[in-house]
Amino acid sequence: MKIDLRKLAHSDTLPFSGTIDLSGEELYGAKPFQSPVVFSGEVTSHLDVLRLTGEVKTTYHTCCARCLKSLEIPLSAEVDVVLSRDPSAEEEDDAFIVEGTEFEVENVLVPALILQVDMIYLCREDCKGLCPSCGCDLNESVCSCGSKQVDPRMAVLAKLLEGNEGRQD
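Scope of this entry: the structure provided in the associated data block. What you see is a predicted model; the values in this text were computed from it and never measured.

## Notes on the pattern of salt bridges
- Scanning the model with the defined rule gives four salt bridges in all.
- With a closest N to O distance of 3.0 Å, Asp 126 and Arg 124 form a salt bridge.

## Quick notes on the sheet that holds strand E2 (residues 13-20)
- Within the open sheet, the five strands sit side by side as E2-E3-E4-E5-E6. Their pairing is mixed. What marks the edges here is a single partner per strand, and that holds for E2 and strand E6 (95-97). Direction aside, neighbouring strands of the sheet carry axes that sit 30 degrees apart on average.
- Pairing of E2 with strand E3 (residues 37-46) involves eight bridges; the strand directions are antiparallel.

## Focus: the nonpolar core
- Counting residues in hydrophobic clusters, the biggest one holds 36 residues, and the most contacted among them are Leu 5, Val 43, Leu 52, Leu 83 and Phe 103.
- Elements with a contribution of two residues or more to this core: E2, E3, strand E4 (49-63), strand E5 (70-84) and helix H1 (106-114).
- For this core, the leading source of residues is E5, giving seven residues.
- For Leu 5, the contacting residues outside a window of four places in its chain are Val 43, Leu 50, Leu 83, Arg 85, Val 98, Thr 101 and Phe 103.

## Description of the environment of Glu 25
- Note on placement: Glu 25 falls in the loop between E2 and E3.
- Of the residues examined, Glu 25 reaches a relative accessible area of 45% and is grouped as partly exposed.
- Excluding residues that lie within four positions of it along the chain, Glu 25 makes contacts with Ala 30, Lys 31 and Pro 32.

## Overview of the packing of aromatic side chains
- By the definition in use, this model includes three aromatic pairs.
- When the centroid spacing of 5.6 Å and the interplanar angle of 70 degrees are considered together, the rings of Phe 33 and Tyr 60 count as edge-to-face. Of this pair, Phe 33 sits in the loop between E2 and E3 while Tyr 60 sits in strand E4; the two residues are 27 residues apart in sequence, bridging distant segments of the chain. Residue Phe 33 shares its accessibility class with Tyr 60, and that shared class is buried.
- Through a chain of ring-to-ring contacts, the aromatic side chains of Phe 33, Tyr 60 and Tyr 121 assemble into a single cluster.

## Thoughts on the pairing of E5
- Pairing between E4 and E5: 14 bridges, direction antiparallel. Opposite Lys 57, over in E5, you have Ser 76 as the bridge partner.
- Linking E4 to E5, which pair antiparallel, is a turn of six residues; within it Leu 68 sits at a positive phi near 70 degrees.
- Bridge count between E5 and E6: three bridges; the pairing is parallel. If you follow Leu 83 over to E6, its bridge partner there is Phe 96.

About the cut-offs
One numbering rule holds for all chains: residues counted from 1, following each sequence as written. Per-residue local features of the predicted model are confined to residues with pLDDT of at least 70, and side-chain atom pairs are confined, for both listing and counting, to 80 or more; whole-chain, interface and lining totals are unaffected and use all residues. By convention in this description, side-chain values take in all heavy atoms of the structure and omit both hydrogens and water. Salt bridge, as used here: a side-chain nitrogen of Lys or Arg that lies within 4 Å of a carboxyl oxygen of Asp or Glu. Pairing between strands is defined by DSSP: at least two bridges between them are needed. Strands here mean DSSP runs of E at least two residues long; helices mean DSSP runs of H or I at least four residues long; both are numbered from the N terminus. Whenever a helix is involved, its axis is fitted only over the stretch in contact; in every case the axis is a line through C-alpha atoms, and angles between N-to-C directions fall within 0 to 180 degrees. Buried residues of nine kinds, namely Ala, Val, Leu, Ile, Met, Phe, Trp, Tyr and Cys, make up a nonpolar core once their side-chain atoms join them within 4.5 Å. Exposure categories follow from relative accessible area, calculated using a 1.4 Å probe and restricted to protein chains: below 20% of the type maximum is buried, above 50% is exposed, and the middle band is partly exposed. Whether two residues touch is decided by their heavy atoms; if any such pair falls within 4.5 Å, the residues are in contact. Aromatic rings from Phe, Tyr and Trp, with only the six-membered ring used for Trp, were paired whenever their centres fell within 6.5 Å, and each pair was classed as stacked if the ring planes differed by under 30 degrees, edge-to-face if by over 60, and tilted otherwise.

This is the structure we're talking about:
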């Protein structure tokens, strides 16, 4: 959505709202933005300083990092940036450089939303995950293969200890 800053000559506030389709965007090897991204906010002009404030929301679709259950995480970001035409202001954290009289509001809002995404999500804090041998979900059932399996690299040491179990030196 393009915001035309010339409209601020007639008013001190320019409200905006809309939706963004990010279903084709890839993040961490998946396409997690299956729900529309909804945004709203306003651009204000006060003493020749332009400020964009707004909020962006969506549902982030991902999997538990341990058991691979599907998760839907509500995701939102608050945005409050100064719009500047001065290229030297690019080094400031709360400034967005505008070239010309129009800019795409998505260029400000989408990066703010993506910065809210964590690297991993868990279905619950104490998620036990999957058995590395049989793939059983350890949250739902107990498998017996994990306790009997010996690391093949340690099998030789296990044979050495078998003969020394009853012996004490």
